[in-house]
Amino acid sequence: MRPSAKSIRRAALAAAAALLSHAPLLAAQAFRGFTYCAPPLRPACIERSVAALAMAACDEEVQLFRRMVFRYRECLERETERAVREANDAIEVWRCRQDETKCRN
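Just so we're clear, the structure is a prediction, and the values are computed from it rather than from any experiment.

A. Up close: helix 2 (residues 55–98). With 44 residues, helix 2 extends 64 Å between its outermost C-alpha atoms, agreeing within 8% with the 64 Å of an ideal straight helix rising 1.5 Å per residue. Looking at helix 2, one finds that the buried residues are Ala57, Cys58, Glu61, Leu64, Met68, Cys75 and Glu79.

B. Just the environment of Ile46, in detail. As for its placement among the helices and strands, Ile46 is situated in the loop between helix 1 (5–30) and helix 2. Separated by 16 residues in sequence, Ile46 and Val62 place their C-alpha atoms 8.2 Å apart. Contacts of Ile46, omitting those with residues within four sequence positions, involve Cys58 and Val62.

C. Representation of the side chain of Glu79 within the structure. Along the chain, Glu79 falls in helix 2. Of note is the side chain of Glu79, whose polar atom sits 2.5 Å from the side chain of Arg82. Setting aside residues no more than four positions away along its own chain, Glu79 makes contact with Thr35 and Cys37.

What counts and how
- Residues numbered from 1 in each chain as written.
- Predicted model: local features only at pLDDT ≥ 70, side-chain atom pairs only at ≥ 80, totals over all residues.
- Heavy atoms only, no water.
- Helix = DSSP H or I, 4+ residues; strand = E, 2+ residues; numbered from the N terminus.
- Expected span 1.5 Å × (residues − 1).
- Buried < 20%, exposed > 50% of the residue type's maximum accessible area, 1.4 Å probe, protein only.
- Contact = heavy atoms within 4.5 Å.
- Polar contact = N/O pair within 3.5 Å; in protein donor to acceptor, adjacent residues only side chain to side chain.

No statement about biological role is implied by the geometric values presented.
Right under this line is the structure:
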């Protein structure tokens, strides 16, 4: 049995909607200086039964989710490194105030 044009359009629209719904999160993580790491959203199609025609759309969502998980991990690593640098700088300023011999010249 061949799928109808309407069901193909519906699957394509579902895939496009999934990609567009994640676009702001991807853009926010890519913005330089942005320190919030947006956790990826698990694809809804994983939780429900998916018709054979919608499998391609769901596969696209899962592939996007996988890429977002890697970006999320990278964002968390960058944010952790930034927070440690900031804490070290603050501690160094405080120690310098307490004892000028501990100041970096």
